[in-house]
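A structural walkthrough
One-letter residues, chain by chain:
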Amino acid sequence: MGNTDRLIDLSKKLNRPSVTIVAVIIGVWLGYMQFPFVEYLKPVGDVFIALLQVCVLPFLMATIPLAVRSALTSGVAGPVVGRLIGWLLATTLLVMLVSLLVPFMLFHFAPIDHEIARRIGTIFGGASGHVDLEFALSAQLANDSSGREATGLIAIVPSNIFASLASNNSLQVIVFLFVFGLAMVWSERRSGTSIFNALRHIQSVCLLIFEWFNLFMPIGIIALVAPQIALLGTDAFAVLAPFAFAFLLTSIVLLTIPIFVIGVVLRVSPRHVLAVFTQPLALAAATRNTLVCAPTALETMTKELRASKPPCELFIPISFAVVRFGNIVHFIVAALFIASLTGYSFSFVELLLVAVFALIGSFATIGISGLPGLVPLAAVLRPFGLSYELALPLMIVVDPIVSMIRAMLNVALNCQIPALAGSGSKKPTAVPAE
């Protein structure tokens, strides 16, 4: 037991932002210097990706039913739950809309340089003969070059869940697990028999395995980043600048909205809201862990801002563990960025599907952070034939900063919902503005 605890502590230390930044810097430097041995690091990076994906499906099979159960079981009165669900849906739609519109407009009016995109396409197009270690999200897409049967809604409908599991078709598995999780909750209520404790154990096992693999995280990051920088040279930074700008602008918009909404609902000045939210937002940025911010955020909402307690006490602990608005933003912007980079044009329906897949993929990040949290991005890219192999090394370079902003988005947007839900049940006591 002591050895296991020491390994977990070491894993957490190796997954700190400072270590990740150092690993990225080393990878960028090795790639920029173009040392001859860098090309031999690529198989190491491919193996590391494969290791990260080992437990993704078992983790989803445990986590999603547990998330569904947490969302459906509570001892709070129905009207409060109804308002929470209503504002959760409204906030989710707002996040999806802003995350689609802002980068879409930016990439449309300021497209990525054609020559850079052509060079990257040539590099990765010439690598098609290597073994593909990505999620095989659609068996038809892997075996049928036309991909006609693996696009659109049919790609997410699990006609045969055993075939989906056998082919590692994780997108269809996710859809099945949502339905199965709902049925498990109702069956538990009717019969009194439950296997949710077993699912929690499976979830803990998967998280432990992720901690083990995180021991190799610095080496894995270097092995993934260095070969791509060596291939792309300085073009990599020119490519990442549009993504960074699009993600930052989208995040600023979405961080500003809850500050003003909470201020209006609780009748305090936005300046005061921003001042008292400095602590939970700073904690989120420092730890990159939304769940550890729950106690601070709850105290900020109920004591500093005098928000209604019942919706805050019910929603904040659950939502901080389950609802990942920051990951939805990240996955949508990343998908639009990779599409712009490779010259892929989304139709209106496909844009809506990108948002839906990002929402579904965000549930796969529950309980994980750092590099493993990027693995579900494959579920957003793969249905449209976009390269996860291209996206992952690029996303790793900016992940130390992006992960901080993701956590801040999770905290701010999840605090907005109980403030809105509580405004209809109890008039908050006004807090004097500074």
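A quick note: this is a predicted structure, and the numbers were derived from the prediction, not measured. (Residues numbered from 1 in each chain as written. Predicted model: local features only at pLDDT ≥ 70, side-chain atom pairs only at ≥ 80, totals over all residues. Heavy atoms only, no water.)

A full pass over the atoms with the stated rule returns 8 aromatic pairs. Seen from their ring centres, F35 and F37 are 5.7 Å apart, and the 10 degrees between their planes marks the pair as stacked. Ring centres of F243 and F337 lie 5.4 Å apart, and the angle between their planes is 55 degrees; on these two criteria the pair is classed as tilted. Residue F243 is located in helix α12 (residues 235–266), and its partner F337 is located in helix α17 (residues 325–342); the two are separated by 94 residues in the primary sequence. The class of F337 is buried, set by a relative accessible area of 0%. Members of the aromatic cluster, joined through ring pairs, are F107, F243, F247 and F337. (Phe/Tyr/Trp six-rings, centres within 6.5 Å; stacked < 30°, edge-to-face > 60°. Helix = DSSP H or I, 4+ residues; strand = E, 2+ residues; numbered from the N terminus. Buried < 20%, exposed > 50% of the residue type's maximum accessible area, 1.4 Å probe, protein only.)

Glancing now at the packing of helix α15 (residues 294–304) against helix α16 (residues 309–322). Two elements in contact, α15 and α16, have axes separated by 10 Å at closest approach and are oriented at 160 degrees. Relative to α16, the element α15 lies roughly antiparallel. By crossing handedness, the relation of α15 to α16 is classed as right-handed. Residues A294, A297, L298, M301 and T302 of α15 form the contact with α16, whose participating residues are K309, C312, E313, I316 and F320. (Axes fitted to C-alpha atoms, helices over the stretch in contact; angles between N-to-C directions. Parallel < 35°, antiparallel > 145°, perpendicular 65-115°, else oblique. Left-handed = near helix turned anticlockwise from the far one by under 90°. Contact = heavy atoms within 4.5 Å.)

This part takes up the environment of A230. Within the fold, A230 resides in helix α11 (residues 217–232). Note: C-alpha distance between A230 and E39 (191 residues apart in sequence) is 8.3 Å. With residues up to four places along the chain from it excluded, the contact list for A230 reads G31, Q34 and V38.

What follows is about a nonpolar patch on the surface. A surface patch of nonpolar side chains, amounting to about 270 Å² of accessible area, comprises L7, L10 and W212. Along the chain, the position of W212 falls in helix α10 (residues 196–214). The class for W212 is partly exposed, based on a relative accessible area of 39%. (Patch = residues over 30% accessible without salt bridge, like charges linked within 9 Å, V, L, I, M, F, W, Y side chains within 5 Å. Areas by Shrake-Rupley, 256 points an atom, 1.4 Å probe, with all protein chains shown as cover. Salt bridge = Lys/Arg side-chain N within 4 Å of Asp/Glu carboxyl O.)

A few words now on the packing of α16 against helix α20 (residues 388–422). With their axes 9 Å apart at the nearest point, α16 and α20 run at an angle of 155 degrees to one another. Here α16 lies roughly antiparallel to α20, going by the angle between them. In this structure, the crossing between α16 and α20 has a hand that is right-handed. Contact with α16, carried on its side by P311, C312, F315, I316, S319 and F320, involves N410, V411, N414, C415, I417, P418, A421 and G422 of α20 and no other residues of that element. Residues of the contact of α16 with α20, tallied by class, amount to 10 nonpolar, 4 polar and no charged. (Nonpolar A, V, L, I, M, F, W, Y, C, P; charged D, E, K, R; others polar.)

With that settled, the discussion passes to the confidence of the model for the chain. Low-pLDDT portions of the prediction should not be read for the details of their coordinates. In this model, the chain carries a mean pLDDT of 76, and residues with pLDDT of at least 70 account for 72%. Per-element mean pLDDT across the chain ranges from 37 in helix α7 (residues 139–143) up to 92 in α17. For the stretch residues 126–152, pLDDT sits under 50, and the model shows 45 contacts to residues farther than four places along the chain or on other chains. For residues 426–434, every residue scores under 50 in pLDDT, and the model assigns this stretch 17 contacts once sequence neighbours within four places are set aside. (pLDDT = per-residue confidence, 0-100.)

With that settled, the discussion passes to α16. Between the first and last C-alpha of α16 there are 20 Å, a value that for 14 residues agrees with the 20 Å anticipated at 1.5 Å per step. Where α16 bends most, the angle comes to about 30 degrees, and this point is F315, followed within four residues by the proline P317. Buried residues of α16: P311, C312, L314, F315, I316, S319, F320 and V322, and no others. (Expected span 1.5 Å × (residues − 1). Bend = angle between axes of the 7 residues up to and from the residue.)

This paragraph deals with the nonpolar core. F277, M301 and F337 are the most contacted members of the largest nonpolar core, which has 108 residues in total. Top contributing element to this core by residue count: α20, with 22 residues. For F277, the residues in contact, after removing those within four places along its chain, are I262, T300, M301, L305, V411 and C415. The next biggest cluster of nonpolar side chains, apart from the first, holds 6 residues, and it includes L66, M184, F196 and L199. (Core = buried A, V, L, I, M, F, W, Y, C linked by side-chain atoms within 4.5 Å.)

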